[in-house]
Amino acid sequence: MFDAKRLLDQLVGSGAAGGFAGGLAGGALVNVLAGKQGRKLAGSALKLGGLALVGGLAYKAWQNYQQGAAQPAGQAMSGDIEPPPAGGAFLPRESDTEGRAALSLLLARTMISAAKADGQIDTQESQAILNQINGLDLPAEDKAFLFEEYGRPLDIVALARDVDSPEHAAEVYAAAMLMLEPPSPPERIYLDSLANALGLESGLVQQIQSTVAASRPG
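So, here is what we can say about the structure in this document. (Residues numbered from 1 in each chain as written. Predicted model: local features only at pLDDT ≥ 70, side-chain atom pairs only at ≥ 80, totals over all residues. Heavy atoms only, no water.)

### A closer look at the side chain of Ser-104
Note on placement: Ser-104 falls in helix H5 (residues 97–115). For Ser-104, a relative accessible area of 0% gives the class buried. Here Ser-104 is in contact with Ala-4, Lys-5, Leu-8 and Leu-51, once residues within four sequence places are set aside. (Helix = DSSP H or I, 4+ residues; strand = E, 2+ residues; numbered from the N terminus. Buried < 20%, exposed > 50% of the residue type's maximum accessible area, 1.4 Å probe, protein only. Contact = heavy atoms within 4.5 Å.)

The following block contains the structure:
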C-alpha cells in the first residue's frame, strides 16, 4: 500500500527514513532525482520525520517573519528545528491520518516537481533516473508513484492550486527549497515562479530560504 508519509521521509532524508546515520535511503533518492551529492541535515533536523521537518522549517520561518526578525549580515541562523504544534495550521494532529497523508502527498509531489526544475533532462537522462529509482530499496508502490509523478509535465500552477492555506503554501516552498538548496540559476527561476504562484510575500520567502539553508551543516 502506498504511504505518502513514508515516501516524504525518504525524500527529505530525515532520521525517520533511515535512522540517525543521515537518512541514507532518503539521501540516495534525493541524489538520484536532483543530482546533488552529500546533502545532509544538521542538528535536530536529522531526527525529525519529513512532515514534522518541513512543517518545522516553515513554522520557524513564519514566526521570524511575523516577528520581523532580521538575520544580521554574516551571521548564520540556528539550525535547530522543532516540529510545529500538532493540530495547528502547519501540522495536523496525529489522529488526523487523512490530513497528514494529504499534506505528505502534496509535499512529496512538490519535491519531485522541484527535481525537474532545471529543465535540462533529456529523454535518455530521464530514463537513466527512472532506472536508478527502480534500483533503490523502496517499496514497489513508492516506485510506481515516483515513476508517475516524475513523468508528469512540470506544472507549477496546478501544484499551487492544490494548496489550501497560506501556511501550507509556506510548507510547499520549504519542501522545494530542501530539494534545491543551493539552487542553480534555472532552479532560482523555478522557485521565483513557485513563490509567485503560491502568493508568498518576499520577506517570508527570504526567511524560508535562510531557515532551510541553516538546516544544512555549515
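Once you've had a look at it, read on.
### Let's talk about the nonpolar core
Counting 59 residues, the largest nonpolar core has Leu-33, Tyr-173, Tyr-190, Leu-194 and Leu-198 as its most contacted members. For this core, the element with the highest residue contribution is helix H9 (residues 166–180), accounting for 11 residues. (Core = buried A, V, L, I, M, F, W, Y, C linked by side-chain atoms within 4.5 Å.)

### Some thoughts on the side chain of Arg-100
Summarising the element assignment, Arg-100 is placed in helix H5. A polar contact of 3.4 Å, which involves the side chain of Arg-100, links it to the side chain of Glu-94. (Polar contact = N/O pair within 3.5 Å; in protein donor to acceptor, adjacent residues only side chain to side chain.)

### So, helix H4 (residues 50–66)
Over its 17 residues, H4 extends 24 Å from the first C-alpha to the last, a length consistent with the 24 Å expected when each residue adds 1.5 Å. Inspection of H4 places Gly-50, Leu-51, Ala-52, Leu-53, Val-54, Gly-55, Gly-56, Leu-57, Ala-58, Ala-61, Trp-62 and Asn-64 among the buried residues, and these make up the whole buried set. Looking at the buried side of H4, the elements it contacts are helix H1 (4–12), H5, H9 and helix H11 (202–214). Downstream of H4 by one or two residues, Gly-68 has phi in the positive range, about 70 degrees. (Expected span 1.5 Å × (residues − 1).)

### Observations regarding the pattern of salt bridges
This model, assessed by the stated rule, comprises seven salt bridges. Note that Lys-5 is salt-bridged to Asp-9, the shortest N-O span being 3.4 Å. A residue pair is termed a helical-turn pair when its members lie 3 or 4 positions apart in one helix, as Lys-5 and Asp-9 do in helix H1 at four residues. Across the salt bridge formed by Glu-148 and Arg-152, the nearest N and O atoms sit 2.9 Å from each other. Glu-148 sits in the partly exposed class, given a relative accessible area of 48%. One connected set of salt bridges, linked through shared partners, spans Arg-109, Glu-148, Glu-149, Arg-152 and Asp-162. (Salt bridge = Lys/Arg side-chain N within 4 Å of Asp/Glu carboxyl O.)

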